[in-house]
Structure formats: C-alpha cells, structure tokens
Amino acid sequence: MHTDLHPQYQNNPDAQRAKQLLSACVHCGFCLETCPTYLETRDERDSPRGRIYLIRQLLETGSASATTTHHLDRCLTCRSCETTCPSGVQYAQLADIGQHLAEKAAPRPRLQGAVRQVLRAVISRPTLFRYLLRTGQALRPLLPGPLRRQVPPKQPRLPLPAAGGQRTLLVLEGCVQAAATPATNDAARRVCAALGITLQAAPRAGCCGAVRQHLGGAEAARDDMRRNIDAWWPAIEAGAEAIVSTASGCGAMLVDYGRLLADDPRYAQRAARVSSLARDLGEVLLEEDLSVLAPETGCGKIAVHTPCSLQHALRQPDLLPSLLRRAGFSLARTEESHICCGSAGTYSLLQPALSERLRQRKRAALTVDNPALIATANIGCQLHLADPAVPVLHWIELLDPARSPGSQ
Ligand code: SF4
Ligand code: SF4
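Given the structure is predicted, the values throughout are model-derived calculations rather than measurements. (Residues numbered from 1 in each chain as written. Chains lettered and ligands numbered in written order. Predicted model: local features only at pLDDT ≥ 70, side-chain atom pairs only at ≥ 80, totals over all residues.)

Comments concerning the overall build of the protein chain
Now for step 1: Counting its regular elements, the protein chain contains 23 helices and seven strands.
Now for step 2: For the protein chain, whose C-alpha radius of gyration is 21 Å, the value lies close to the compact-globule estimate of 22 Å for 408 residues.
Now for step 3: For the protein chain, the spread of C-alpha atoms along the principal axes amounts to about 65 × 50 × 45 Å.
Now for step 4: A burial count over the protein chain gives 45% of its 408 residues as buried.
Now for step 5: Long-range pairs, those at least 24 residues apart, make up 74% of the contacts in the protein chain with a sequence separation of at least 6. (Helix = DSSP H or I, 4+ residues; strand = E, 2+ residues; numbered from the N terminus. Rg over C-alpha atoms; globule rule 2.2 N^0.38 Å. Buried ≥ 20, exposed ≤ 12 C-beta atoms within 10 Å, placed from the backbone. Contact = placed C-beta atoms within 7 Å.)

Right, here's the structure in full:
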C-alpha cells in the first residue's frame, strides 16, 4: 500500500515508520475474520484493514476526526491480525503510531483525556494501586455487579519457600498482578523451588511499561523500561540466566524493550540484552521434569485460555496446553481460541460495552465442554473472565505443591 505523506509529516520519524509498515499491506482482507472487533460490529472501520486505511488517510491529509480516534481506540491490540496476515504487517506498531498521531491531530475531549491520565498514573504505581485495591475490596459487597468483577477478593497467602535453589532467575512480579492476585507469584516461587530454581525480584523494578505505552504515554513507558533495566542490570552482569514473567502481557512488553529503546544511545544495548533474556515462566518450566511436582490432577477438565499476548505477541499458542498435558491434566475442548477475551489491559474500562460482548463470547467458547476450571496466563484475562460458575486461575496455581486436593 503506497502512502504520500502530508508535508507536516515529511520529517516525522513516527510517520515515516508508519508509511514503511503500511507498505506491507496488500488489502487482501484475510485479517477481517480473525479480528474480534470486526466480528462483533461488522463495520470495516473496526477491522485491521479498515484501521489501516484510517491511518493512511491521517498520514496523507494530516488531519483526523473523532471517528478516526473512535475506531482506532476500539482496537484491542490483540495482534490476532498479525498472526493471520500473509504479508507480515506489523499491526501493533502501526496501531501505536496511528493512535499517537491521531491524538495529536484531533485532541481528545478533556474528560476522556483525564480518565486516561488517571489510569496511567494509578495502575502503574504499585503502592497507590494497592491502596485503592484494598479500599475496593473492603467495599466490594456494595459495588454493582460489573464493577465488583473488576475488584478481585483478597487472596489467602500460603508460606513461601526459602531461597537457595541451584539456579536463580530474575522475576518481574508486575504491578497489577502482585497486588490483585499475589497467589500467582507465590505459587510460582513454590513450584520453582520444588524444581531447584529460586526466583529473585529486583526491589526497584516495577511496572513493565505496557500500561503507559498503550495509553498514549510512550515517553513515560520508556522511563519505566529504563528504571527496570537499571534495577536488573547488576544481576544481568552477574550472569542472570533469564528474566521471567508470570503475566504474559508483561512478557510481551519485555521482548519489545530492545525495539522501543533502540534510539536511546545510553540504553539501546542494555534494552536489547533484556529482551534477549525475557522468557515466559511456562517456557522455562516446559524444559523441566514436572513429575517431581506431582500435582493434584483429579480436579476435572481444564479449559485453557491462552492470552493474546502469549499466542499472538510471543507466538506461543501451544505452550499452556503442552505444559498442562505434560503435568497430567485433562484438557477440555474449547472454541475460537485465537479470539481476544476483551480484557486487553485497560480496554475493559475504556470500552466497557464491546469488552463485555467479547467477554461473554469468550466464556461461552471456553465452557462448551463443561470444564471444572479455566486456566490462563495473564492477570487481565483472569480478572476479566472471572465468574464463580467456572472459576478462572493462573495455570501456575494448578502446579503448586501447596495446592490442596479439591481446591479451586
Ligand atoms: S491480512 Fe495483512 S495484507 Fe491483508 S488486508 Fe489484512 S493487514 Fe493487509
Ligand atoms: S489488533 Fe486485534 S482488534 Fe486490533 S485490528 Fe488486529 S485483530 Fe483487530
């Protein structure tokens, strides 16, 4: 697809990069039927190809309307279109640039901009987020249904193992997950300890940067990345084998550090090194002998929900099913495994109606075979899909040696 850049973008590196990315698209439309928003609305402007046309129009005219922003905002950045596209269009990069340029060309209404600013500030600050979460948990019984679902009940904590395995891996504990579902990181420590691995968190590391990156705060996200690189660097220089994350959304961000800081002369090399060391915890465990864990597998069939960040961004669509089968679990049949659940970071807060439609569609697709539980790999999906009818947990909890028989 050819694009003639508007004079105002001639010397803009983002616009030049977008032009290059657009050139790969051959308008074939194969991506339409794998795009969750297009499947729900059947409006071409809610499809990858339609959004590509909107971005090209912006680049050629130098202007955007509220309609442009509306349809670009409705993209989940799930990257299902990238997996499908036969021409290798890197849609997520294009969407980031498109949203950023559209926001500059057509500033958001004040209230909308303020909501995004608040989300950027709150979610990526663990102490503040933890405080608000505790308040929400105390008021949980009084909250209306949809809002109550966004506030997970407080999880019980079980004893942690002492450090001292033969191997030590750096771990990114995440901002939302560490506060909302601490059972995930606790279970990861116990499972790894049983396999002779110590997970070591760097105290000064924090949010991976994804929250701010996807809410139009690219420079603030780069600050998050630089802070994490500084926090991890002593351990990396000392020979750290890997940086693992238990939230696949954070893992997808880590592998992008090298690209996102490539133009920063002080951090480019270190960022590339971090990206090369980033691994999902599941990838590490797949290489281990899981039989020593002897997990309780008699809990019934497990429906696996592989988050978009794991299947489309990290290109690991079979990781969770392989891991759970190897551990001895029976898996339930599911449908539409490539379609996003509608969580997508802050999407469920910013696009509640479409997000809820996708949630219901996903729950139906995950429960066709009457599973006992749903296992996933990302905190956002876990909270978004939560429903006591078929509980949702992080897959690592299924392998946890502290998990009692019959627990959910
Ligand atoms: S599948 Fe790829 S090349 Fe075809 S329209 Fe979609 S983005 Fe363009
Ligand atoms: S990233 Fe997901 S929602 Fe956005 S255009 Fe691609 S398939 Fe559609």
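Having put the structure on the table, let's press on.
As for the site of ligand 2
Now for step 1: Surrounding ligand 2, one finds 13 residues, the nearest of these being C35, P48, C75, C78 and C81.
Now for step 2: Among the secondary structure elements, those contributing two or more residues to the shell around ligand 2 are α2 (36–41), α3 (48–61) and α5 (80–84).
Now for step 3: Among the residues making up the shell around ligand 2, the classes are represented as eight nonpolar, three polar and two charged. (Near = placed C-beta within 6 Å. Nonpolar A, V, L, I, M, F, W, Y, C, P; charged D, E, K, R; others polar.)

Notes on the sheet that holds strand β5 (residues 302–304)
Now for step 1: A sheet is described by the order of its strands in space; here three strands give the open sequence β5-β6-β7, paired in parallel fashion. Lying at the two open borders of the sheet, with one neighbouring strand each, are β5 and β7 (392–394). Each neighbouring strand pair of the sheet contributes to a mean axis angle of 35°, computed without reference to strand direction.
Now for step 2: Pairing geometry for strand β6 (residues 373–376) and β7, over three bridges, is parallel. Each residue of the ladder has a partner; that of A375, found in β7, is L393.
Now for step 3: Those strands touched by helix α19 (residues 319–326) are β5 and β6, and its axis lies near 155° from that of β5. (Pairing = 2+ DSSP bridges. Axes fitted to C-alpha atoms, helices over the stretch in contact; angles between N-to-C directions.)

Examining the domain arrangement of the protein chain
Now for step 1: Taken domain by domain, the protein chain comprises domain 1 (7–107), domain 2 (167–285) and domain 3 (291–399).
Now for step 2: Computed from C-alpha atoms alone, the centre-to-centre distance between domain 1 and domain 2 is 28 Å. (Domains from an automatic or database assignment.)

Concerning the sheet that holds strand β3 (residues 243–245)
Now for step 1: Sheet architecture is open: four strands sit in the order β2-β1-β3-β4, paired in parallel fashion. Each of the sheet's edge strands pairs with one partner strand only, and the pair in question is β2 (197–201) and β4 (278–280). Neighbour to neighbour, the strand axes of the sheet diverge by 40° on average, direction disregarded.

Quick word on helix α21 (residues 352–366)
Now for step 1: Between its terminal C-alpha atoms α21 stretches 21 Å, which fits the 21 Å expected from 15 residues at 1.5 Å a residue.
Now for step 2: Among the residues of α21, those classed as buried are S355, L358, R359, K362, R363 and L366. Looking down the long axis of α21, one finds its buried residues gathered within 135° of arc, a one-sided arrangement. What points out from α21, more than 90 degrees from its buried face, is the exposed set A353, Q360 and A364.
Now for step 3: Buried residues in α21 make contact with α2, β5, α20 (347–350), β6 and α22 (379–384). (Expected span 1.5 Å × (residues − 1). Arc of directions from axis to C-beta.)

Digging into the environment of W395
Now for step 1: Among the structural elements, W395 can be located in helix α23 (residues 395–399).
Now for step 2: The exposure class assigned to W395 is buried, which follows from the 29 C-beta atoms found within 10 Å.

With respect to the environment of A188
Now for step 1: Mapped onto the secondary structure, A188 falls in helix α11 (residues 182–194).
Now for step 2: A C-alpha to C-alpha distance of 9.8 Å links A188 and S245, two positions 57 residues apart in sequence.
Now for step 3: Once residues within four sequence positions are removed from consideration, A188 is found in contact with L199, T246, L281 and I396.

Describing the site of ligand 1
Now for step 1: Taken together, 15 residues lie around ligand 1, and C25, C28, C31, C85 and V89 are the ones closest in.
Now for step 2: Where the shell around ligand 1 is concerned, the elements lending two or more residues are α3 and α5.
Now for step 3: Counting residues per element, the shell around ligand 1 draws most heavily on α3, at three residues.
Now for step 4: Here the residues of the shell around ligand 1 are counted per class, giving 10 nonpolar, four polar and one charged.

Digging into the pairing of β6
Now for step 1: The side-chain alternation of β6 yields two buried faces, one formed by L373 and A375 and the other by I374 and T376.
Now for step 2: Relative to β6, β5 runs parallel, the two sharing three bridges. Across the sheet, residue I302 finds its bridge partner in β6, namely L373.
Now for step 3: Running through α22, the crossover from β6 to the neighbouring parallel element β7 is right-handed. (Right-handed = clockwise from strand over helix to strand, strands pointing away.)

Notes on the packing of helix α1 (residues 13–22) against helix α6 (residues 91–105)
Now for step 1: As a packed pair, α1 and α6 sit with axes 10 Å apart at the nearest point and diverge in direction by 140°. Relative to α6, the element α1 lies oblique. Between α1 and α6 the crossing geometry is left-handed. In this structure, α1 uses D14, A15, R17, A18, L21 and L22 to contact α6, whose residues at the interface are Q93, L94, I97, G98, H100 and L101. (Parallel < 35°, antiparallel > 145°, perpendicular 65-115°, else oblique. Left-handed = near helix turned anticlockwise from the far one by under 90°.)

Some thoughts on unusual backbone geometry
Now for step 1: Of note in this structure, T77 is not a glycine but carries a positive phi near 45°.
Now for step 2: For T77, the position within the fold is in the loop between α4 (66–73) and α5.
Now for step 3: Phi angles above zero are rare outside glycine, and R79 is one such case at about 70°.
Now for step 4: With respect to the helices and strands, R79 occurs in the loop between α4 and α5.

Digging into the nonpolar core
Now for step 1: L254, L324 and A375 are the most contacted members of the largest nonpolar core, which has 108 residues in total.
Now for step 2: With seven residues, α6 is the largest single contributor of residues to this core.
Now for step 3: Discounting residues that sit within four places of it in the chain, L254 has contacts with L172, C208, I243, S245, V274, S275 and A278. (Core = buried A, V, L, I, M, F, W, Y, C linked by C-beta atoms within 7 Å.)

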